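# Summary of structural features
Here's the letter readout for the chains.
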2 protein chains.
Amino acid sequence: MGDQPVIEAMRYGLRGGKGLRAYLVLEGAALHDVDPARAIWPAAAIEAMHAYSLIHDDLPAMDDDDLRRGQPTVHVTWDDATAILAGDALQSLAFELALDPRGAQSAEARTELGLTLAQAAGARGMVLGQALDIAAETADRALTLDEITRLQNGKTGALIAWSATAGPRMARAKTEALQLYAEALGLAFQIADDILDVEGDEKTAGKRLQKDAGAGKATFVSLLGLAGAKARAAELTDAACDALSPYGKGADGLREAARFVISRQS
Amino acid sequence: MGDQPVIEAMRYGLRGGKGLRAYLVLEGAALHDVDPARAIWPAAAIEAMHAYSLIHDDLPAMDDDDLRRGQPTVHVTWDDATAILAGDALQSLAFELALDPRGAQSAEARTELGLTLAQAAGARGMVLGQALDIAAETADRALTLDEITRLQNGKTGALIAWSATAGPRMARAKTEALQLYAEALGLAFQIADDILDVEGDEKTAGKRLQKDAGAGKATFVSLLGLAGAKARAAELTDAACDALSPYGKGADGLREAARFVISRQS
């Protein structure tokens, strides 16, 4: 008898992502002169949190996806029970990593990282977004732009904002500029996701596409049109870059991330 | 469209428990002169963590239980997706509560509470126990006493130990005596659970019984016999009470909890 399947499933679920959220942590930390050997801990934490959310989101009872990051999803490779447990343990691991003393130097900063991570992940953050998403599928009308924006703020925005602000939190510095950056970036990211769902190539994306249109779901593309969605994503990218002005050229890595987000193919 | 179902399901899942883990936190805190208004935060945290584990454990893909705390389980009352999300959000909430500045006074104590909670809940703690439990169901042989003990240490023991030691952690005091108490208590608790599964009344217990024997699962009762299991549980209760001797009469509440654990009907 072994505990191996759950551990293997956790590793499998962590593999092959873009690492965007970890990148945001590391770049935000660099802007605040945080040692990268310390910043790697919250960077790993947010990737564990993100991986858990994907594993649970892909379950048959949720989005029922069989392909993720170019590989069969965790519940397809193992089974639903292993996927539930691997996701559960990855959420715990995320807090373990965020609170590790090898990460943020002061206990104040660690407890702040952990507390804000819990808020971003929970019923007023990511899980709220997921719940609104599920409610939308069975609703008798399509969502409005405001409602979709609120949904995405939770589903994607909360973890992206945590990632971008982890660096200043580690340094006990102000988070406002990176928070503004992240809010624009998170929304641009989700609009790009909706565009990818329509225009992308499944092989490159590594996940099933055209699911939303097939399900008759309102998206930024269905509400703004393809050209309108692209224009809005470009505006948001500019807004994200503008928010970085207090950091000068040091923030070029984050500007690059903003441009990557709307040009990405996966 | 509303986020209400997940929030309601979280509340529903939190209701009607014995509150044993919260009681352990409050009693352990009292022994270390921690203000109960502060101790209530980690006490609430551990009840949220426990409630999440029950909601996920009861899912059809896991233990497939329809009755819990005398009520239909969360996935029966709502659906699997809501139960998965409510469990996920309760885990986040557990960390939010454990790290709240209104709880442990020093940031060092809060980060320690959060970190040890993550370790207790994760793939080397509670989830490990769950994974071993699931592996046991499909194994081609019954578990040995050592294997069942390891399984239960994870599944039940880890959260009980965290509960009993949260008080000294809040006070930045030594945890050894309460750790020893909790290890004996946790095992006694699980043996009592196996006895309850054989001898208990479903109505009083508020959950389905005689599931283990029906599934041909090895339990403390199947391995030690009913009389042997009762004798072992009584020994462990004595050991738990002995571990409390450094605290004198102040620990009578915890002694009572140990006696409650083996006499409980639910």
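Reference entry: report on the structure contained in this document. (Residues numbered from 1 in each chain as written. Chains lettered and ligands numbered in written order. Predicted model: local features only at pLDDT ≥ 70, side-chain atom pairs only at ≥ 80, totals over all residues. Heavy atoms only, no water.)

As a further point, take the pattern of salt bridges. All names here are of chain A. Tallying each qualifying case throughout the model produces 30 salt bridges over all chains. The closest approach of N and O atoms between D193 and K207, which form a salt bridge, is 3.5 Å. Note that D193 is positioned in helix α9 (residues 176-199) and K207 in the loop between α10 (202-205) and α11 (211-214), a separation of 14 residues in sequence. Residue D193 shares its accessibility class with K207, and that shared class is buried. Two residues, E199 and K230, come together in a salt bridge whose shortest N-O distance is 3.0 Å. In this pair, E199 sits in helix α9 while K230 sits in helix α12 (residues 220-243), placing the two residues 31 residues apart along the sequence. Linked by salt bridges that have partners in common, D133, E137, K155 and K217 make up one network. (Salt bridge = Lys/Arg side-chain N within 4 Å of Asp/Glu carboxyl O. Helix = DSSP H or I, 4+ residues; strand = E, 2+ residues; numbered from the N terminus. Buried < 20%, exposed > 50% of the residue type's maximum accessible area, 1.4 Å probe, protein only.)

Superposition of the two copies of the chain requires a rotation about an axis together with a shift along that axis. Least-squares fitting of chain A to chain B yields an RMSD of 0.0 Å, with the transformation described by 0.0 Å of translation along the axis and a rotation of 180 degrees. Here the copies are linked by what is in effect a two-fold axis. When the interface residues of chain A are mapped onto chain B, 100% of them again lie at the interface, so the same face is used by both copies. (Least-squares fit on C-alpha atoms with pLDDT ≥ 70 in both. Contact = heavy atoms within 4.5 Å.)

Position of R172(B) among the secondary structure elements: in the loop between α8 (145-170) and α9 (176-199). Distance in space between the C-alpha atoms of R172(B) and D66(B) is 42 Å, their sequence separation being 106 residues.

Moving on: the packing of helix α2 (residues 20-31) of chain B against α8(B). Think of two packed helices as two axes; the pair is described by the angle between the axes and how far apart they sit. Residues and elements named next belong to chain B. Contact geometry of α2 with α8 gives a least axis separation of 5 Å together with a crossing angle of 30 degrees. Comparing the axis directions of α2 and α8 gives the class roughly parallel. Taken as a pair, α2 and α8 cross one another with a handedness that is right-handed. Residues R21, L24, V25, G28 and A29 of α2 form the contact with α8, whose participating residues are T156, L159, I160, W162, S163, A164, A166, G167 and P168. (Axes fitted to C-alpha atoms, helices over the stretch in contact; angles between N-to-C directions. Parallel < 35°, antiparallel > 145°, perpendicular 65-115°, else oblique. Left-handed = near helix turned anticlockwise from the far one by under 90°.)

Looking now at the interface of chain A and chain B. Contacts between the two partners involve 47 residues from chain A and, on the opposite side, 47 residues from chain B. Overall, the association of chain A and chain B removes approximately 3900 Å² of surface from exposure, summing both partners, and the carbon and sulfur fraction of that is 72%. The interface formed by chain A and chain B includes two salt bridges. The shortest N-O distance in the salt bridge between E96(B) and R124(A) comes to 2.6 Å. Across the contact surface, chain A and chain B share eight residue pairs in polar contact (both at pLDDT 80 or more). Elements represented by at least two residues in the side of chain A that touches chain B include exactly α1 (4-14), α3 (36-57), α5 (80-98), α6 (107-121), α7 (126-138) and α8 (145-170) of chain A. Tallying contributions element by element places α5(A) first for the side of chain A that touches chain B, with 10 residues. Of the residues in the side of chain A that touches chain B, the class split is 27 nonpolar, nine polar and 11 charged. (Buried area = accessible area lost by both parts, 1.4 Å probe. Polar contact = N/O pair within 3.5 Å; in protein donor to acceptor, adjacent residues only side chain to side chain. Nonpolar A, V, L, I, M, F, W, Y, C, P; charged D, E, K, R; others polar.)

Take it as geometry only, folks, not as evidence of what the structure does.
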